[in-house]
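Spelled out from the first residue to the last, the chains are:
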Amino acid sequence: MRKNNYILKKIKLSAIISILFSMLFAVMGCSSSYHNDQMLVEKKIISEDNLDVIPKIVGLKSDKVTESEKIKYAKGFKIYYYNNKKYKLVKTLNDRNYLIVPYEDYQDYMAYKQEKAKSTKKKQFDVKKYNCWSKYTILNQNSHNIYLVASSVMSLFKSIDAMDKIKFSGTNVDSWYIEEAKNAMREGQILYAGKYSQPDYESLIEKKCDLAIQSTMILHTPKVKEKLEKINIPVFIDESSYETNPLGRLEWIKVYGEMTGKREQADSFFKEKIDMVNKIKSQVDSSKSVKNKKNKIAYFYINSAGKVVVRKSEDYIPNMIKLGGGEYAFKNLKNTNSENKSGAVTISMEEFYVQAKDCDYLIYNSTIDAPIESKDELIGKNKLFEKFKAVKNNCVFNTDKYLYQSSDSMAEFIVDINSILKSDYDNLIFIKHIE
């Protein structure tokens, strides 16, 4: 009883600390509800060459990696197989490594951890083997009570028909733009268990959560990650937001395919999207000989201080614009603070005017700010917009708020970009033409 009270006190203390941390972020002007690539997270990056080194794991024999199992676009992870694919290791560029094991092995390993913590020897374990395993985060291949906090991952689970594995959400029902997620929460199939900084630990314990999938936001609250692991809920950190290639972001679907036993579905879905992009790329390449093609695009929003927030040049959004046949307005734009790993860069309206006034298209990023309903509303944010070529030519667009939750639809956004370059506005999915 005393031990339970102690744990509850520790949980409450962690919650208080998390609240204070969130208040600090609010004061600094950062939104804790917004996706993680806006935050300043220090990355511990290991060499990409090191990703290609197959780890030796005691008790397991590594399989020969075939060409079809190599990762083609993502830079942040590799997957290795052991014992004829019975065991899978997801190795990340940030040195967070996850060993996916069958249910029986997972149960045995968890029992070993508990006895080790209690310093008891009621059961004989392969100590050498499990001591080696302790270097990795051990995941149950049959996890079925997942606490999904990284909202962009839900669409990937949906795309491989694995939403039944998710029991808890870190996003409440009103904040979902994915209808399947909304409906699952309304029907009680998925329960709200608190955001990343304030999990409902008691509910997670009571309903036997067996895996937490977090965004890199969890790195701001290390005590929460530590607490989850202490109550035997392993934490997987989705790092797809670090990928600058949009197809690399999408390729993380292979990780979730391995995690849910649906790699075949993941590969099929990924190939379908790659085929879509390659078709657009072929059209773009064949049209490069056309002179005076209008394709310069600015992607931005206006923050509460009246400044313009754009994407750095090597970010995944400019890369999607390029794949769609467009030319991003800003070349060689980086964050002036080298420690800032965010894809967003804030500039003055005057700087934006110089670079974007002659752009053929303006795309307003409504995943963060409220959508604009008209050109007049955009001009209301700053009178300088009256002088923009795209405003005069009626080439102003919004993005859909659903975009940041739709990691599965990178190809569709690229198709949208290509469509607006062709003045085909009838079948747009994520981009809306503003009259």
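What you see is a predicted model; the values in this text were computed from it and never measured. (Residues numbered from 1 in each chain as written. Predicted model: local features only at pLDDT ≥ 70, side-chain atom pairs only at ≥ 80, totals over all residues. Heavy atoms only, no water.)

Considerations on the pattern of salt bridges
Scanning the model with the defined rule gives 17 salt bridges in all. The partner of Asp-408 in a salt bridge is Lys-158, with the nearest N and O atoms 3.7 Å apart. You can see Asp-408 sitting in the loop between strand E15 (396–399) and helix H16 (410–421) and its partner Lys-158 sitting in helix H5 (residues 154–159), a full 250 residues away along the chain. Take Asp-408: its relative accessible area is 5%, and that puts it in the buried class. (Salt bridge = Lys/Arg side-chain N within 4 Å of Asp/Glu carboxyl O. Helix = DSSP H or I, 4+ residues; strand = E, 2+ residues; numbered from the N terminus. Buried < 20%, exposed > 50% of the residue type's maximum accessible area, 1.4 Å probe, protein only.)

Focus: unusual backbone geometry
Residues other than glycine seldom take positive phi values, yet Asp-161 does so here, at roughly 55 degrees. Counting through the fold element by element, Asp-161 comes out in the loop between H5 and strand E6 (166–169). You will see that Asn-232, though not glycine, has its phi angle at about 65 degrees, which is positive. Looking at where Asn-232 falls in the secondary structure, it is placed in the loop between helix H8 (222–230) and strand E9 (235–237).

Section: the nonpolar core
The nonpolar side chains of a soluble globular protein tend to be buried with one another. The biggest cluster of nonpolar side chains holds 111 residues, and the ones touching the most others in it are Phe-352 and Phe-385. With sequence-adjacent residues up to four places away left out, Phe-352 is seen in contact with Ala-298, Phe-300, Val-308, Val-310, Phe-330, Ile-347, Lys-357, Phe-385 and Phe-388. One finds Ile-57, Tyr-87, Leu-99 and Tyr-136 within the second-largest nonpolar core, a separate group that totals 18 residues. (Core = buried A, V, L, I, M, F, W, Y, C linked by side-chain atoms within 4.5 Å. Contact = heavy atoms within 4.5 Å.)

Some remarks on the packing of helix H12 (residues 316–323) against H16
Two quantities define a packed helix pair, namely the angle between the axes and the distance from one axis to the other. It is at 8 Å that the axes of H12 and H16 come closest, and there the two elements cross at 55 degrees. Relative to H16, H12 is oriented oblique. Note on packing geometry: the crossing formed by H12 with H16 is right-handed. Residues Tyr-316, Met-320, Ile-321 and Leu-323 of H12 touch H16, and the partners they reach there are Met-410, Phe-413, Ile-414 and Ile-417. (Axes fitted to C-alpha atoms, helices over the stretch in contact; angles between N-to-C directions. Parallel < 35°, antiparallel > 145°, perpendicular 65-115°, else oblique. Left-handed = near helix turned anticlockwise from the far one by under 90°.)

Considerations on the sheet that holds strand E1 (residues 77–82)
Strand order in the open sheet formed by four strands is E1-E2-E3-E4, with mixed pairing between adjacent strands. Either end of the sheet is taken by a strand with one partner, and the two such strands are E1 and strand E4 (137–140). Put simply, the sheet's adjacent strands are angled 25 degrees from each other on average, direction ignored. Each of E1, strand E2 (87–92), strand E3 (97–101) and E4 is contacted by helix H10 (residues 253–260), which is oriented at about 30 degrees to E1, the strand it contacts most. (Pairing = 2+ DSSP bridges.)

Describing the pairing of strand E8 (residues 211–214)
Both faces of E8 are covered, namely the face carrying Leu-211 and Ile-213 and the face carrying Ala-212 and Gln-214. As judged from the three bridges shared by strand E5 (residues 146–148) and E8, these two strands associate in the parallel manner. Within the sheet, the bridge partner assigned to Leu-148 lies in E8 and is Ile-213. Relative to E9, E8 runs parallel, the two being bridged by three bridges. Each bridged residue has a counterpart across the sheet, and for Ala-212 the counterpart in E9 is Val-235.

Observations concerning the packing of aromatic side chains
Any aromatic ring pair is given by two values, namely how distant the centres are and how the planes are angled relative to each other. The tally for this structure, following the rule as stated, stands at 26 aromatic pairs. With 5.3 Å between their ring centres and 75 degrees between their planes, Tyr-130 and Trp-133 make a pair best called edge-to-face. Placement of the pair is Tyr-130 and Trp-133 together in helix H4 (residues 127–133), with a separation of three residues, close to one helical turn. In this structure, Tyr-130 and Trp-133 share a single accessibility class: buried. With 6.2 Å between their ring centres and 50 degrees between their planes, Tyr-361 and Phe-397 make a pair best called tilted. Of the two residues, Tyr-361 is situated in strand E14 (residues 361–364) and Phe-397 in strand E15; the sequence distance between them amounts to 36 residues. Take Phe-397: its relative accessible area is 0%, and that puts it in the buried class. Of the aromatic side chains, those joined through ring pairs into one cluster are Phe-300, Tyr-328, Phe-330, Phe-352, Tyr-353, Tyr-364, Phe-385 and Phe-388. Directly above the ring of Tyr-81 sits Lys-85, whose terminal nitrogen or CZ lies 4.9 Å from the centroid. One cation-aromatic arrangement involves Arg-249 over Tyr-316; the distance from NZ or CZ to the ring centre is 3.5 Å. (Phe/Tyr/Trp six-rings, centres within 6.5 Å; stacked < 30°, edge-to-face > 60°. Lys NZ or Arg CZ within 6 Å of the ring centre and 35° of its normal.)

Examining the pairing of E14
Taking every second residue as pointing to the same face, both faces of E14 are buried, with Tyr-361 and Ile-363 on one and Leu-362 and Tyr-364 on the other. Pairing analysis gives four bridges linking strand E10 (residues 296–302) to E14, with the strands arranged parallel. Counted as the bridge partner of Ile-297 is Tyr-361 from E14. Pairing analysis gives three bridges linking E14 to E15, with the strands arranged parallel. Residue Ile-363 lies in a different strand from E15, and its bridge partner there is Phe-397.

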